[in-house]
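Tertiary structure, described
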Amino acid sequence: MKIVIVGAGSVGAAVCRQLAVEGHDITLVDSSSEAVAEISNSCDVVGIEGNGANIGLLRKAGAEKADLLIAITSEDEINILCCAAAKKLGTKNTVARVRNPEYSELMSLMQGDMNLSLTINPELSVAKEIYKMLRFPSATKIDSFCRGRVEMAEFVVSADSPICGISL
């Protein structure tokens, strides 16, 4: 799979290394020449220094033929702009990390109007997982279905429990 990653911070580097190990064709873009050099020297990836929201640079990175573009810079606006531009160039799928809570209400609007395949807010995702764990503190696993309208919780039932052996 041809993947363009914009952002070589700690998350971008980790994603880049993992996808390179899996054998994907990776192009890494970052404004820091040191970060690009470090990752491209340690992994089998092509590194390009520059602004990921620049159309010419996205073309140079191969966004027109990319299967996926992941924008995970520290700037939400750059991530959104980068993904929107890449999608217009022909990238099949785009993922933007958007951390600002002020944008959480606009996520669905951004995805539809700006052709973003997926937006991720890592802090919000962690908060939702913690909330689910606190609702069922003794559950060993909780899965959501039907876009969060149905949840299934897994519990360990001891042999002496009154519900042991009773079918649902």
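Rules used in this analysis
Residues numbered from 1 in each chain as written. Predicted model: local features only at pLDDT ≥ 70, side-chain atom pairs only at ≥ 80, totals over all residues. Heavy atoms only, no water. pLDDT = per-residue confidence, 0-100. Helix = DSSP H or I, 4+ residues; strand = E, 2+ residues; numbered from the N terminus. Buried < 20%, exposed > 50% of the residue type's maximum accessible area, 1.4 Å probe, protein only. Contact = heavy atoms within 4.5 Å. Pairing = 2+ DSSP bridges. Axes fitted to C-alpha atoms, helices over the stretch in contact; angles between N-to-C directions. Expected span 1.5 Å × (residues − 1). Arc of directions from axis to C-beta. Core = buried A, V, L, I, M, F, W, Y, C linked by side-chain atoms within 4.5 Å. Lys, Arg positive; Asp, Glu negative; His and termini not counted. Salt bridge = Lys/Arg side-chain N within 4 Å of Asp/Glu carboxyl O.

Overall, the predicted model of the chain reaches an average pLDDT of 88, with 96% of residues at or above 70. When the elements of the chain are averaged for pLDDT, helix α5 (residues 107-113) gives the smallest value, 68, and strand β1 (residues 2-6) the largest, 97.

Before going further, it helps to spend a moment on the side chain of T94. Tracing the sequence through the fold places T94 in strand β5 (residues 93-97). Using a relative accessible area of 0% as the deciding quantity, one classes T94 as buried. The contact partners of T94, leaving out residues within four places of it in the chain, are L68, L69, C83, A86, K87, N115, L116, S117 and L118.

Spatially, the six strands line up as an open sheet ordered β3-β2-β1-β4-β5-β6, and their pairing is parallel. Edge strands, defined here as strands with exactly one partner in the open sheet, are β3 (46-49) and β6 (118-120). Taking each pair of neighbouring strands and ignoring which way they run, the sheet shows an average axis angle of 15°. Helix-sheet contacts for helix α2 (residues 33-42) involve β2 (25-30) and β3, and the interaxial angle to β3 is about 175°.

Here the focus is helix α1 (residues 10-21). With twelve residues, α1 should reach 16 Å at 1.5 Å per residue; the first-to-last C-alpha distance of 17 Å fits that figure. Regarding α1, the residues found buried are G12, A13, C16, L19 and A20. Looking straight down α1, one finds its buried side chains confined to an arc of 140°; they lie on one side. Structural note: α1 exposes S10 and V21 on the side pointing more than 90 degrees away from its buried face. Contacts made by the buried residues of α1 are with β1, β2, α2 and β4 (68-71). Just past α1, the residue G23 takes up positive phi, approximately 90°.

Quick look at the nonpolar core now. One finds V4, V6, V29, L58 and L69 to be the most contacted residues of the largest nonpolar core, which totals 21 residues. If you tally residues by element for this core, the top one is helix α4 (residues 76-89), at six residues. In this view, V29 contacts V4, I5, V6, G7, A8, I48, G50, G52, L57 and A61; residues no more than four positions away in its chain are not counted. Counting 17 residues, the second largest nonpolar core, distinct from the first, contains A8, A20, A35 and L68.

Turning our attention to the side chain of K2. By the secondary structure assignment, K2 is in strand β1. Of the side chains with opposite charge, D25 lies nearest to the buried K2, which makes no salt bridge, at 4.5 Å.

Every buried residue belonging to α2 is among A35, V36 and I39, and all of these are buried. Buried residues of α2, seen end-on, are gathered within an arc of 95° and therefore sit on one face of the element. The exposed set on the far side of α2, more than 90 degrees from its buried face, consists of E34, E38 and N41. In this structure, the buried residues of α2 make contact with α1, β2 and β3.

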